[in-house]
Amino acid sequence: KLPYTTVEVNPLSKAEIKFSEGYRKVPIAMIDGEQVNDSTKILSALIEKTGGGLKAAMADPETAKWMEWCDKELAVLLFPNITRSFGESWQAFKYIGEVPTFSGGTKAANQF
């Protein structure tokens, strides 16, 4: 098990990732002081760091193909499909009201 901390990122201002000058998307991971961007690259870096049986699986071309499909095809379809209506969009952003580090104004701006 690897220790980690998470940071909620304001979807409008992205102030929490201002340290990342050339990459303004999430996820971002700091691994041994190095910034790693993108889910697949983060997963690969963690597997490389920890070793184990997943290392061989990630080297498999079939696994690489599906990982790329998840990043390029599946991920871009998820958000539009969970926010098809105003009600679903409201539900998707409801969690913002529970983020303790966001101010009242930030919560309102993101919810409405």
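Coordinates for the structure precede this section.
The notes below deal with the structure included here. (Residues numbered from 1 in each chain as written. Predicted model: local features only at pLDDT ≥ 70, side-chain atom pairs only at ≥ 80, totals over all residues. Heavy atoms only, no water.)

## Things to note about the environment of I17
1) Next: Mapped onto the secondary structure, I17 falls in the segment before β1 (28–31).
2) Next: Exposure remark for I17: the relative accessible area of 5% places this residue in the buried category.
3) Next: As for I17 and L78, which are separated by 61 residues in sequence, their C-alpha atoms are 23 Å apart. (Helix = DSSP H or I, 4+ residues; strand = E, 2+ residues; numbered from the N terminus. Buried < 20%, exposed > 50% of the residue type's maximum accessible area, 1.4 Å probe, protein only.)

## Considering unusual backbone geometry
1) Next: Across the junction of V26 and P27, the peptide omega takes the value 10°, indicating a cis bond.
2) Next: One can find P27 in the segment before β1.
3) Next: Even without a glycine there, the phi angle at K14 is positive, about 55°.
4) Next: As for its position among the elements, K14 is in the segment before β1.
5) Next: By relative accessible area, K14 is classed as partly exposed at 28%.
6) Next: One non-glycine residue, D32, lies in the positive phi region at around 55°.
7) Next: For D32, the location among the structural elements is in the loop between β1 and β2 (34–37).
8) Next: Owing to a relative accessible area of 65%, D32 belongs among the exposed residues under this scheme.

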